Amino acid sequence: MRMRVIILGAPGAGKGTQAALLSKELGLAHIASGDLFRQAQDRGDELGAIAKSYMEKGLLVPDEVVIKMILERIAAPDCIQGFILDGFPRTLEQAQALDQALSANGIDQVLYIEVSDEELIRRLSGRWLCRSCQAPYHMINNPPRVPGRCDLCGGELYQRPDDAEETVRKRIEVYMAQTMPLIDYYGKMGKLTAVKGEQDIDAVSNDMLAALGRGEGPGEWG
Ligand code: AP5
Ligand code: MG
Ligand code: ZN
């Protein structure tokens, strides 16, 4: 069955962590706008240079740039069975462009991970990411098995420059102003499910799978 899912949440809420687990569990493509921009920066191309100038300030990359990149990406063959969007849409304009590009019932579910601001800052200040596959780790909550190395691919771990505390505060402010309206947008469509983000990683995954009609659901074992 085709499944198109959006994961919404503030910076550090666990979008990337959960999208990776769900995409594996459900066999869906994981599409992360931030990861695509970071890959473009590593390649040193023009898209990367444009994105960098906004990302390092904690600001959103302009809608037209993001929309074009994501609509091209979801047209790829690995998205025919569906996809999990992580970090897109982030403005009403992006959400409307996505709805227009897909058919009327294009998106099946929007999963909103709720986490308090203090916890977001704690998580991002301890985060390390794999340079090769972008898998996120946390020094305390979710450490890699071998220090400094990715469990999945052995890649080198690094800290994102935009995880500096001042930039994190800006990212949260931008999220409140520009992305929070999407809660209402998808809520009114009856597509939104809120999930408690301040549980351990597996418990959050179980709640998300339950919202998608898969898995054990909240409050049960396994
Ligand atoms: P992006 O890369 O999307 O960053 P973000 O939204 O700020 O979110 P993060 O990736 O920081 O957090 P996450 O929710 O993925 O959390 P994670 O799973 O890593 O965007 C970066 C920039 O790109 C933007 O600022 C913007 O400039 C640009 N951009 C991207 N998309 C755009 C768009 N659509 N429009 C315009 N501009 C765009 O987890 C965080 C940490 O917590 C990790 O260390 C993890 O191990 C830990 N953790 C996760 N879950 C748990 C848990 N349950 N308990 C304890 N610890 C946990
Ligand atoms: Mg992420
Ligand atoms: Zn890796």
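In case you missed it, the structure is sitting above this.
Read on for an overview of the structure.

1. Quick look at the coordination of the zinc ion (ligand 3)
Listed as protein donors to the zinc ion (ligand 3) are Cys130 (SG), Cys133 (SG), Cys150 (SG) and Cys153 (SG); their distances from the metal cover 2.3 to 2.4 Å. One way to put it: the 4 donor atoms around the zinc ion (ligand 3) meet at angles of 97 to 119°, and that makes the site tetrahedral. Considered as a linear motif, the donors of the zinc ion (ligand 3) on their single chain read C-x2-C-x16-C-x2-C. A residue is classified by how much of its surface remains accessible, and cysteine 150, at 5% relative accessible area, is buried.

2. What to know about the sheet that holds strand S5 (residues 127-130)
Pairing is antiparallel in the open sheet, where 3 strands are placed in the order S6-S5-S7. Two strands lie at the open edges of the sheet, namely strand S6 (136-138) and strand S7 (157-158), each paired on one side alone. Alignment of S5 against S6, held across 3 bridges, turns out to be antiparallel. In the strand pairing of S6, arginine 127 is matched with histidine 138.

3. Considerations on the pattern of salt bridges
Following the criterion strictly, the structure yields 17 salt bridges and no others. Residue aspartate 78 pairs with arginine 73 through a salt bridge whose shortest N-O separation is 2.8 Å. Judged by relative accessible area, aspartate 78 falls into the partly exposed class, the value being 42%. For the salt bridge of lysine 170 with glutamate 173, the shortest nitrogen-to-oxygen distance reads 3.1 Å. Of this pair, lysine 170 and glutamate 173 both sit in helix H7 (residues 165-179), 3 residues apart, roughly one helical turn. Classification of glutamate 173 by relative accessible area gives partly exposed; the value is 47%. Linked by salt bridges that have partners in common, Arg127, Arg160, Asp162, Asp163 and Arg171 make up one network.

4. Some remarks on the sheet that holds strand S8 (residues 192-196)
Read across the open sheet, the 5 strands follow the order S2-S3-S1-S4-S8; overall the sheet is parallel. Strand pairing shows two members of the sheet lacking a second neighbour, strand S2 (29-32) and S8, which therefore form its edges. Across this sheet, the average inter-strand angle for adjacent strands is 20°, counted without regard to direction. With 5 bridges joining them, strand S1 (residues 3-9) and strand S4 (residues 109-114) adopt parallel strand pairing. Across the sheet, residue isoleucine 6 finds its bridge partner in S4, namely valine 110. In this fold helix H2 (residues 33-43) packs onto S2 and strand S3 (82-86), with an angle of close to 70° to the strand it touches most, S2. Sheet strands in contact with helix H8 (residues 181-188) are S1, S4 and S8, and its direction is about 145° off that of S1.

5. As for helix H6 (residues 117-125)
All of the buried residues in H6 are Glu119, Leu120, Ile121, Arg123 and Leu124. Elements in contact with the buried residues of H6: S5, S6 and H7.

6. Concerning the layout of surface pockets
Estimated volume of the second largest pocket: approximately 270 Å³. Lining the second largest pocket are 13 residues; nearest its centre among them are Arg38, Gln41, Tyr158, Arg160 and Pro161. For the lining of the second largest pocket, the elements supplying multiple residues, two or more each, are H2 and helix H3 (46-55). Looking at which element gives the most residues to the lining of the second largest pocket, the answer is H2, with 3 residues. Considering only residue class, the lining of the second largest pocket consists of 4 nonpolar, 2 polar and 7 charged.

Definitions and cut-offs
- Residues numbered from 1 in each chain as written.
- Chains lettered and ligands numbered in written order.
- Predicted model: local features only at pLDDT ≥ 70, side-chain atom pairs only at ≥ 80, totals over all residues.
- Heavy atoms only, no water.
- Donors = N, O, S within 2.8 Å, 3.2 Å for Na, K, Ca; no water.
- Tetrahedral: all angles 85-135°; square planar, octahedral: opposite > 155°, others 65-115°.
- Buried < 20%, exposed > 50% of the residue type's maximum accessible area, 1.4 Å probe, protein only.
- Pairing = 2+ DSSP bridges.
- Helix = DSSP H or I, 4+ residues; strand = E, 2+ residues; numbered from the N terminus.
- Salt bridge = Lys/Arg side-chain N within 4 Å of Asp/Glu carboxyl O.
- Axes fitted to C-alpha atoms, helices over the stretch in contact; angles between N-to-C directions.
- Contact = heavy atoms within 4.5 Å.
- 1 Å grid on protein atoms, 1.4 Å probe; cavity = no way out; pocket = protein on both sides within 12 Å on 5 of 7 lines; lining within 4 Å.
- Points joined across faces, edges and corners; volume = space filled by probe spheres on them.
- Nonpolar A, V, L, I, M, F, W, Y, C, P; charged D, E, K, R; others polar.

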